[in-house]
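One letter stands for each residue in the lines below.
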Amino acid sequence: MNQKFRYLFMLVALLFLQGAIAQTITGKVTDESGIALPGANVIEKGTTNGTTTDFDGNYSIEVSEEATLQFSMIGYSEKAVVVGGQTTINVSLAEGTQLDEVVVTALGIKRAEKTLAYAQQTVGGEELTNSRDVNFVNSISGKAAGVEIRKSSSGPGGSTKIQIRGSKSLSGDSSPLFVIDGIPMVNNRGSQPGVWDGVDQGDGLSQLNPDDIESMSILKGANAAILYGSQGANGVIVITTKSGKAGTTVVKVNSGITFESIIALPELQYRYGSEGGAKENWSTTRGDYDSSYVDDWFETGANYFNSVSVSGGNDKTQAYFSYANTTASGITPGNDYGKNNVSFKQSTKLFNDKVKVTSNIILAQEKTDNRNRAGYYNNPLTGLYWFPRDRDINDFRGDNYRTFNTDRNVYEQNWFVVDHHQSNPYWLLNEESQEDKTKRVIGSLNLDYNITEQLTFQIRGNMDYAVKEYETIRNGGGNTTTVSANGNWIYEKYDDTSTYLDGILSYTNNFGDFSLTALGGATYQNTNYGNGVGVYPGAAEDQLLYANEFYFNNLTDVIQVRSNLNNGKTSKIEKQSLFGNVTIGFKEMLFLDVAGRNDWASTLALTGNDSYFYPSVGLTAILSEMFEMPEAISFAKLRGTYAKIGNEVPYNRIFPRHNINADGSVGFNTVKPFLDAKPEIITTTEIGFDFRFFQSRLGIDFTYYNINSQDQFIQINEPIEDYTSFFVNAGEIENKGVELTLTGKPIVTEDLSWNTAINYSKNTNKIIELHPSVETIGQGGSEGFRYTLIEGGAISDLYAFKFLRDDEGRIMLDDVSGRPRKTATRELIGNAEPDYAIGWSNTVTYKNWALNMQINGKFGGYTVSQTEALFDGNGVSERSAAARDRGYENINAVQNGVAVTQIDPFTYYDAVGGRNGIDEAHIYDRTSIRLAQLSLSYNFKVDSVDWLKNASLSFIGNNLFFFHKDAPYDPELSQSTGRNEPGSDNYNLPSTRTYGLNLSLTF
């Protein structure tokens, strides 16, 4: 016992002496031109004791005299300085002549960027929060080549469509895998609106706190994502969260407010009203009618962002804690959004620093009231926009939106017409509501064991669990096409659970001129999505026993409380995998990368193909290390990869289940079991180069890729044996494209600097083949247009009725009525995806000022608007009024062989407008160029304030204005973020801008 006390006393004495000789070192880190480098790392060598420089490049750290300080920053060469007796150490870092920076790749593994054989781009966490978009994922738009982003029109908390290098599936939406700290996360998208009606139910990404994100690494191809298997077939976005750092405790506070307003309303007319009590506005008599009721409907939204984080620790244990609250009110009445986030991350070293234990927990609570609707039905915008101009809206709003039915003892909507397309918008506002709620926890535990200096073992476990609840209440007395007499109740509640476990053994060593990095591992993953129940009535089905009482006991006998198995949200998959990766380097100039993975998937059970292997190989050559390069070339690299990825069939395809009908009978499955199913195979070839010039002041990164998807899962709707349909492995899709990133530092002086980057991407999609029994596959649409997949075409091809024209291109008019004629069938217009996309980002700093700006452009492609078609059909479009002002519409047409240059406005717009008109008139070029993000910041001098380390105030804005736009609406605002309706506008909300202020404090 005395011996133990002796050792304990010696340890205390040693710690005391260490503290006694410790000293505080201060200084400044700059580049070779003397410009301060904020965010540079200053670490005591051999420990985790460290700090980062502030906005002015200053730092302060407490170390012993014998310590060595290491100074580093991405893009600059490291420098080490022995402290000795110094108390002030100023250093300048030279810009790196090679890609020495480390990036996060698959499975959270960190690798030197110069060794990578594939394209990847990293977006820093600050770039996600600079402009404070409520849907923060929209912030990466334009910042990475080849990444397509479309924003939902549903408002705050809505889902986002993300696609990397084009569509690769005939049935899926080709979404990438999202990963948090190396572990896959759940990003399930809820239901999406269609042409008729519906509401976006959000996605998993909206529940994250962007202030917790350190960086996002975008792994674009199968080559980069092979270690994630089929989940990474469409690319991977790796999110690295912030961690505590050893040293002084740091507290950061962010508080921001932004306001949201409409950029422009549709071009509506208010000088021609209805005629003879009609619902359409086709009077030929001009009037001076009120237009304020449309403006009055929309509000100025307000978004509030508040977060606080605390981080710190010592050389053994570091911790990070944060809390964030986001609240938002949309631009339509009653649309509110709220989110609370709590996260805690800690790491501890044990057993002489050989073992490191890291735990992380993320909690999220999200609630949305009355997400904005799309489509014809139950959408307040149809009644609002179509309202007859000669009527008084005050007769239908305020207390007048409803009347009391004494016979039934219920209220009913008060509206001027019974029309299945429209309802009183104020009835919808007050008597029909929707509430979406999500509670989520993501927990992980990692254990790293340094067996030797070269050999490490890592084991990780994770659970991602979410409870989702959606409720739509529609009181009886509304539109009888969509709501029954006693009302409608749509309710669902279910759990999404993902359990993940992996173990990875890694080895790194050098053998003379050769370097070796190898890893092998195994994963187990079990996902159980949609585990719950729902009530889904028909449009006007007699659902409730008593009016406007919305609970289970009030359901009629014919309404079934169903498992979510029936609505396509259920998915149960178990997968085990083995994988390996070896990288061999030669003299830091040649790197060979070989990887492979074998999966065993439960959804392929009973087929004999539930085990499948796929490989990857890549080669990197650092030309600037192999050859003497001209002085202007700082770095030169060539790379190429080839990879295959397998993809299992979706859940419930091999042996589809029977259903239980509402009357208790069995609804037998009519799809033949798919017992010969094979995994889909996606093959990717990629080549590229990366050149840096003039001491890395100018850079160019180029990639060409070819992606081939084969053996997809297609349903054939033909009788076979005792079934009505069956599945086959068939179909082939090809995506070819180029990605180009130009980076530059045109100005670098002591007071002024300018960094700029341009991302260019172009993807060409082609459907090589479908199946002999399949001529077309639908991708959504309406009466007048369709998105149709046809062999030889491309995914998102748009087909619509065109004007019937003669050989001279003139529109042919009906011989009797004089109405424009349309083609007998829908014909190809073009593709909804852009021909190419460009994102241009700029960061300019001048003394204490910093300006960040992002300009995005999409060029080519087509978008179609049922909104504009129905505007024309109802006579509310400005163009229809302008034609009435003239007395005619100009036209290049022919009737009975006679040229016609003018046509009656009603005759023309009644023919081209409406639900099933000639949609060629309402198809627009998707091209748009916009100021996507803007942030102007001022960093205050806080040297005289001991307790405050940094303070900055920023003006922030998103989607502030368009430099150019062809469509009469925002073509990037998506009705649906799923597979269908890739370029449709059907009574979406108008596009909005946000602008406001953000205050950031560091203590």
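Throughout, a residue's number is its position along its own chain's written sequence, starting from 1. Restriction of local features to residues with pLDDT of at least 70 applies here, the model being predicted, together with a cutoff of 80 or more for giving and counting side-chain atom pairs; totals for whole chains, interfaces and linings are based on all residues. Hydrogens and water molecules were not included; the side-chain quantities draw on all heavy atoms of the structure.

Focus on the overall build of the chain
Right, on to step 1. Within the chain, the regular secondary structure consists of 10 helices and 54 strands.
Right, on to step 2. A compact globule built from 1003 residues would reach a C-alpha radius of gyration of about 30 Å, and the chain, at 31 Å, matches this within 12%.
Right, on to step 3. Taking the principal axes of the C-alpha coordinates as reference, the chain spans close to 105 × 70 × 65 Å.
Right, on to step 4. Exposure categories follow from relative accessible area, calculated using a 1.4 Å probe and restricted to protein chains: below 20% of the type maximum is buried, above 50% is exposed, and the middle band is partly exposed. Expressed as a percentage of its 1003 residues, the buried residues of the chain come to 54%.
Right, on to step 5. We call two residues in contact when some of their heavy atoms are within 4.5 Å. Intrachain contacts of the chain at a sequence separation of at least 6 include 69% that bridge at least 24 residues.
Right, on to step 6. Residue exposure ignores everything except the shown protein chains as possible cover, and the areas themselves are Shrake-Rupley values with a 1.4 Å probe. Carbon and sulfur atoms form 54% of the exposed surface of the chain, whose accessible area is close to 41,600 Å².
Right, on to step 7. For the chain, the centre of its 84 positive side-chain charges and the centre of its 118 negative side-chain charges are spaced 3 Å apart. Helical segments are the DSSP runs of H or I of at least four residues, strand segments are the runs of E of at least two, and each set is numbered from the N terminus. Only the C-alpha atoms count toward the radius of gyration. The rule for a globule is 2.2 Å times the residue count to the power 0.38. Here the positive residues are Lys and Arg and the negative ones are Asp and Glu; neither His nor the chain ends is included. For charged residues, the charge sits on one atom: NZ in Lys, CZ in Arg, CG in Asp, CD in Glu.

Quick look at the confidence of the model for the chain
Right, on to step 1. The predictor rates its confidence in each residue with pLDDT, a number between 0 and 100. Overall, the prediction assigns the chain a mean pLDDT of 90, with 96% of residues at 70 or greater.
Right, on to step 2. A low-confidence stretch, residues 1-21 stays under pLDDT 50, and its non-local contacts, those more than four residues away or across chains, total 4 contacts.

Regarding helix H8 (residues 866-874)
Along an α-helix, a turn takes 3.6 residues, which lines up residues three or four apart on a common side.
Right, on to step 1. Where burial is concerned, most of H8 is hidden: 9 out of the 9 residues are buried.
Right, on to step 2. Within H8, the full set of buried residues consists of Gln866, Thr867, Glu868, Ala869, Leu870, Phe871, Asp872, Gly873 and Asn874.
Right, on to step 3. Definition of a polar contact: a pair of N or O atoms within 3.5 Å, with one able to donate and the other able to accept a hydrogen when the atoms are protein atoms, and with sequence-neighbouring residues admitted only if both atoms are side-chain atoms. The distance from a side-chain oxygen at the start of H8 to the backbone nitrogen of Thr867 is 3.3 Å, and the residue carrying that oxygen is Ser865.
Right, on to step 4. Once H8 ends, the next one or two residues include Gly875, with phi positive near 70 degrees.

Focus on the sheet that holds strand S48 (residues 898-903)
Strands pair in a sheet through their backbones, by hydrogen bonds, and they do so in one of two ways: parallel or antiparallel.
Right, on to step 1. In spatial order, the strands read S42-S47-S48; together these 3 strands make up an open sheet with mixed pairing. Where the open sheet ends on each side, the last strands, each with one partner, are strand S42 (811-812) and S48.
Right, on to step 2. Sheet analysis places S42 next to strand S47 (residues 889-895), joined by 2 bridges and oriented parallel. Bridge assignment links Met812 to a residue of S47, and that residue is Val894.
Right, on to step 3. Here the axes come from fitting lines to C-alpha atoms, over the contacting stretch only for helices, and the angles between their N-to-C directions go from 0 to 180 degrees. Sheet contacts for helix H10 (residues 905-912): S47 and S48; angle to S47, the most-contacted strand, approximately 80 degrees. One bridge is not enough; two strands pair if DSSP finds at least two bridges between them.

Here's the deal with the environment of Asn372
Right, on to step 1. Along the chain, Asn372 turns up in the loop between strand S21 (355-369) and helix H5 (380-386).
Right, on to step 2. With 131 residues separating them in the primary sequence, Asn372 and Gly503 have C-alpha atoms 44 Å apart.
Right, on to step 3. Setting aside residues up to four positions removed in sequence, Asn372 forms contacts with Ser153, Ser154, Gly155, Val199, Thr332, Asn335 and Leu989.
Right, on to step 4. A polar atom in the side chain of Asn372 sits 3.1 Å from the backbone oxygen of Ser154.
Right, on to step 5. Looking at Asn372, its side chain comes within polar contact range of the side chain of Thr332, at 2.6 Å.

Section: the sheet that holds strand S39 (residues 776-781)
Right, on to step 1. Judged by pairing direction, the sheet is antiparallel, and its 4 strands sit side by side in the order S39-S40-S41-S43 without closing on themselves. Here the strands that pair on one side only, and so sit at the sheet edges, are S39 and strand S43 (827-831). Averaged over all pairs of adjacent strands, the angle between strand axes in this sheet comes to 35 degrees, irrespective of strand direction.
Right, on to step 2. Pairing of strand S41 (residues 797-800) with S43 involves 4 bridges; the strand directions are antiparallel.

Points about the pairing of strand S26 (residues 488-511)
Right, on to step 1. In the sheet, strand S25 (residues 455-474) pairs with S26 via 20 bridges, with the strands oriented antiparallel. Bridging across to S26, Arg474 finds its partner in Asn488.
Right, on to step 2. Summarising the sheet, S26 and strand S27 (residues 514-535) pair through 20 bridges and their orientation is antiparallel. Bridging from a neighbouring strand, Ile504 pairs with Gly521 of S27.
Right, on to step 3. Linking S26 back to S27 in an antiparallel pair, the connection comprises 2 residues, with Gly512 at a positive phi of about 70 degrees.

Concerning helix H9 (residues 878-886)
Right, on to step 1. Taken together, the buried positions of H9 are occupied by Ser880, Ala881, Ala883 and Arg884. Along H9, the residues classed as buried sweep out an arc of 155 degrees about the axis, all on the same side.
Right, on to step 2. Summarising the contacts, the buried residues of H9 are in contact with S47 and H10.
Right, on to step 3. Following H9 by one or two positions, Gly887 has its phi on the positive side, about 95 degrees. What the arc measures is the spread of directions leading from the helix axis to the C-beta atoms.

Considerations on the environment of Pro210
Right, on to step 1. Following the sequence through the fold, Pro210 ends up in the loop between strand S14 (183-184) and strand S15 (213-219).
Right, on to step 2. Along the backbone, Pro210 and Gly477 are 267 residues apart, and their C-alpha atoms lie at a distance of 43 Å.
Right, on to step 3. Here Pro210 is in contact with Thr129 and Phe136, once residues within four sequence places are set aside.

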